[in-house]
Amino acid sequence: MSEASQQKPDQPAVHDDHALYQQALLAHHKSPVGYNLAIVATHSAQGVNATCGDDIKIAVEIEQNYLQALAFYGDSCAICRASASMLCQHLKGLSVAEVLALSQKVKASLSENVSLIGVAAEQFEPLRSVEKFPVRKQCALLPWTTLEQALNATS
Amino acid sequence: MTSASPWKQDFPIFSSHAHPSLCYLDSAATCLTPKHVADAVYHYQCYSHANSHKGLYQLSANVTEKVEHARETVADFIGATSGASISFNSGTTEGINLIAFSFVEPILSDAYKKGKPSNLVISAVEHHANLLPWQRLAERYQAELRVVKITDEGIMDLAHLSQLLDNNTRVLAFSHCSNVLGRFNPAEQICRIAKRHHVPTIVDGAQAVAHGKTNVSAIDCDFYVFSAHKLYGPTGCGVMYGKTEHFEQMRPYQLGGGIVSKVNFTESDFVAGATKFEPGSHHVAGIVGLVEAIEYLHDISWPDIQQHMEKLALYLNTSLNELPYYQPLIVPSAKRLAAQPTEVASIVSFRLKNVHCHDVASLLDSNNIAVRAGHHCAQPLHETLGVTATVRASLGLYNDFSDVDKLVAGLDQAYQLMTG
Ligand SMILES: Cc1ncc(COP(=O)(O)O)c(C=O)c1O
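Everything quoted here is computed from the prediction, not taken from an experiment.

## Topic: the packing of aromatic side chains
- The final tally for this structure, using the stated rule, is 17 aromatic pairs over all chains.
- Taken together, a centroid distance of 5.2 Å and an interplanar angle of 50 degrees make the contact between Tyr326(B) and Phe350(B) tilted. Taken together, the positions of Tyr326(B) in strand β11 (residues 326-328) and Phe350(B) in strand β12 (residues 347-352) put the pair 24 residues apart, joining distant regions of the chain. Across the pair, exposure class does not vary: Tyr326(B) and Phe350(B) are buried alike.
- Lying over the aromatic face of Tyr73(A), Lys57(A) brings its terminal NZ or CZ to 5.6 Å of the ring centre.
- Sitting over the face of the ring of Phe14(B), Lys8(B) holds its NZ or CZ atom 4.7 Å from the ring centroid.

In structure tokens:
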């Protein structure tokens, strides 16, 4: 906790540009897309962050190599939940190959601070706030690594 | 005494060029360092350092003397009758492993070879440090690892303990105070029960030693272990107290220089006593820091420390209880609080309704409030209580009412933000 990143006490976290919990991210947390959605899943996987207790399941319905539906379940922090929600919102209709390629990019943007470009940059912008919070990157990453596991698992 | 901490100024971390507005509520993980301790380590390292127990020159002899004197200071601090019962190591974790592999393993191995069944008993609140070594041994010798239940109040269920101990119990290992629930076990009573079954006892004192006078002679345990850094001392230094009568039969658990009386290429004779468990060079700076920490606490005096901590713990617990969304892991019963008003835990683990504990900790961090979130190295306990993770706030000498107020305001802000 360096003094440089310290906030002034009279400034609630939400108004700060550097804050982790941006409005857009909070919106996903409060009304998540795909949460507990009943879908006819063809692929699914369970992901756990042992250190913090995030525990989610990602399920997808794949038809002729396209993701027809996505859903997530489980108990996690707001960062993980918002990340899963954005994933469910934006990946619907893409092919498995497109999703895997995009997943690589999102993961790189979270773990190596590689900028996203194009549509993805806009879609996943709210996740960028974790950049300055290294310990929380794993929370944002979990849905993506879990999704990859689901796609790689045979149905 | 006012509600402000009279000792906060002793901790340089709060000085204006460092972290003046830090609200540190994670003393159960590690205590911040008073200047006295940092200075003692610095002075030792700059002006007195040499290898102890090895050199024949005066500088080294002085260091040897320091370490040997430290055994007496530590013995006195925990109510042991002699420094000969004190062995230095790197911390509670090493202390428990040492006892597991030098004292308990030979007993298990012997029983195993004779085809006798064995069991090891621990409690449900144990830190992973006091669980994993026993799991390893149980697996290796096909022994049963038995877990004593805890009561609703978060202490060991003594009736259940009596049921679990039998003639095949090779050891009982339990924490004096839980690092999650902050409750003290009745260690004396527990060791009495174990003694009736001729079961040796190991007490994990990591969380207990900073909160009041420890008396290993009254507890009458066979072993007691703790870490300097949970006592305002440095990390990397810990203590194992053991009844000296056990030392002879124990074999060293790590091997190296300084613990042998005679060595040739086929065999070695080990030195007698506590140094047998201290192979290699001593962590003298750590030991010096530990002694200074003990002297620092001694100068303040236990009655003053306890008076401050009890008042603060009560304020913490009452303030948190007023929050409608506060969900403590253990709810102290009104009956107990009335009977033992001073026995309020200075460690509290809790959740906020509908807010994940990691979000709580992150939001508190953004207000410069340091708490722990997760399972605090006691995952099975969390499972037993039906939750995956909690937020933990724990108190130290530097805390005062204003820290509690900041915590409560921070929790309120976090709850509003995440659920509002
Ligand atoms: C009850 C208990 N036992 C053991 C340990 C391990 O102590 P150390 O990390 O100093 O070895 C801790 C520290 O977290 C503890 O709280």
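## Let's talk about the environment of Lys335(B)
Residues and elements named next belong to chain B.
- Its location among the elements puts lysine 335 in helix α11 (residues 334-339).
- Look at lysine 335 and you get exposed, because its relative accessible area is 71%.
- Put simply, lysine 335 and valine 348 are 13 residues apart on the chain and 19 Å apart in space, counted from C-alpha to C-alpha.

## Some details on the nonpolar core
- Ranked by internal contacts, the top residues of the largest apolar core, which has 140 residues, are Phe124(A), Leu161(B), Tyr224(B), Leu290(B), Leu320(B) and Leu407(B).
- Looking at this core element by element, the count peaks at ten residues for helix α9 (residues 284-300) of chain B.
- With residues up to four places along the chain from it excluded, the contact list for Phe124(A) reads Met86(A), Leu87(A), His90(A), Leu91(A), Leu102(A), Val106(A), Leu116(A) and Trp144(A).
- If you look at the next biggest cluster of nonpolar residues, it comprises 27 residues, including Ile96(B), Ile99(B), Phe103(B) and Phe247(B).

## Thoughts on the side chain of His356(B)
- By the secondary structure assignment, His356(B) is in the loop between β12 and α12 (357-365).
- In this structure His356(B) touches Cys52(A), Gly53(A), Asp54(A), Asp75(A), Ser76(A) and Cys77(A), once residues within four positions along its chain are discounted.

## Some points on the packing of helix α2 (residues 78-91) of chain A against helix α5 (residues 137-152) of chain A
Residue and element names in this part refer to chain A.
- Close contact between α2 and α5 brings their axes to 6 Å; oriented N to C, the two are set at 45 degrees. Between α2 and α5, the interaxial angle falls into the category oblique. When the axes of α2 and α5 are compared, the crossing they make is right-handed. Residues Ile79, Cys80, Ser83, Ala84, Leu87 and Leu91 of α2 pack against Cys139, Ala140, Leu142, Pro143, Trp144 and Leu147 of α5.
- Classifying every residue of the contact of α2 with α5 by side-chain character gives eleven nonpolar, one polar and no charged.

## Remarks on the environment of Glu245(B)
All names here are of chain B.
- Here glutamate 245 lies in helix α8 (residues 244-247).
- Accessibility expressed as a relative area gives 58% for glutamate 245, which makes it exposed.
- Through-space distance from the C-alpha of glutamate 245 to that of aspartate 222 is 9.4 Å; in sequence the pair is 23 residues apart.

## Notes on the pairing of strand β4 (residues 144-148) of chain B
- In terms of strand pairing, strand β3 (residues 119-123) of chain B meets β4(B) through five bridges, oriented parallel. Looking at β4(B), one finds that Val121(B) is bridged to Arg146(B).

## Thoughts on unusual backbone geometry
Residue and element names in this part refer to chain B.
- The backbone of asparagine 354 sits at a positive phi, close to 65 degrees, despite the residue not being glycine.
- Look at asparagine 354 and you get exposed, because its relative accessible area is 63%.
- Backbone geometry places cysteine 377, a non-glycine residue, at a positive phi of 60 degrees.
- With respect to the helices, strands and loops of the structure, cysteine 377 is situated in the loop between β14 (372-374) and α13 (379-384).

## A closer look at the pattern of salt bridges
- The full count for this structure, using the stated rule, is 17 salt bridges over all chains.
- One salt bridge in this structure joins Glu131(A) and Arg128(A), with 2.7 Å as the shortest N-O distance.
- A salt bridge links Arg71(B) to Glu68(B); the shortest N-O distance between them is 2.9 Å. Placement of both Arg71(B) and Glu68(B) in helix α2 (residues 58-77) is noted, with a separation of three residues, approximately one turn of the helix.
- For Glu68(B), a relative accessible area of 30% puts it in the partly exposed group.
- Overlapping salt bridges, with partners in common, bring together Glu125(A), Arg128(A) and Glu131(A) in one network.

## Description of the sheet that holds strand β2 (residues 54-63) of chain A
Residues and elements named next belong to chain A.
- Spatially, three strands are ordered β1-β2-β3 in an open sheet, and the strand pairing comes out antiparallel. Looking at the sheet topology across the chains shown, the edges are occupied by β1 (43-49) and β3 (66-75). On average, each strand axis in the sheet is tilted by 20 degrees relative to the strand beside it, whichever way the strands run.
- Here nine bridges tie β2 to β3, and the two strands are oriented antiparallel to one another. In the strand pairing of β3, glutamate 63 is matched with tyrosine 66.
- Taken strand by strand, α2 contacts β2 and β3, and its axis lies near 165 degrees from that of β3.
- Contacting β1, β2 and β3, α5 runs over the sheet at an angle of about 150 degrees to β1.

## Looking at the confidence of the model for chain B
- In the predicted model, chain B carries a mean pLDDT of 94, and 99% of its residues have values of at least 70.
- Among the prediction metrics, the complex's ipTM stands at 0.79, with pTM recorded as 0.90.

## Structural notes on the interface of chain A and chain B
- Between chain A and chain B, the contact holds 25 residues from the first and 24 residues from the second.
- The junction of chain A with chain B conceals about 1,900 Å² of combined surface from both sides, 51% of it contributed by carbon and sulfur atoms.
- Between chain A and chain B we count one salt bridge in total.
- Salt-bridge contacts for Asp359(B) lead to Arg136(A); the nearest nitrogen and oxygen are separated by 3.1 Å.
- The interface formed by chain A and chain B holds seven residue pairs in polar contact (both at pLDDT 80 or more) in total.
- Among the secondary structure elements, those contributing two or more residues to the side of chain A that touches chain B are α1 (23-30) and α2 of chain A.
- Per-element accounting of the side of chain A that touches chain B gives the leading share, three residues, to α1(A).

The rules we used
- Residues numbered from 1 in each chain as written.
- Chains lettered and ligands numbered in written order.
- Predicted model: local features only at pLDDT ≥ 70, side-chain atom pairs only at ≥ 80, totals over all residues.
- Heavy atoms only, no water.
- Phe/Tyr/Trp six-rings, centres within 6.5 Å; stacked < 30°, edge-to-face > 60°.
- Helix = DSSP H or I, 4+ residues; strand = E, 2+ residues; numbered from the N terminus.
- Buried < 20%, exposed > 50% of the residue type's maximum accessible area, 1.4 Å probe, protein only.
- Lys NZ or Arg CZ within 6 Å of the ring centre and 35° of its normal.
- Core = buried A, V, L, I, M, F, W, Y, C linked by side-chain atoms within 4.5 Å.
- Contact = heavy atoms within 4.5 Å.
- Axes fitted to C-alpha atoms, helices over the stretch in contact; angles between N-to-C directions.
- Parallel < 35°, antiparallel > 145°, perpendicular 65-115°, else oblique.
- Left-handed = near helix turned anticlockwise from the far one by under 90°.
- Nonpolar A, V, L, I, M, F, W, Y, C, P; charged D, E, K, R; others polar.
- Pairing = 2+ DSSP bridges.
- Salt bridge = Lys/Arg side-chain N within 4 Å of Asp/Glu carboxyl O.
- pLDDT = per-residue confidence, 0-100.
- Buried area = accessible area lost by both parts, 1.4 Å probe.
- Polar contact = N/O pair within 3.5 Å; in protein donor to acceptor, adjacent residues only side chain to side chain.

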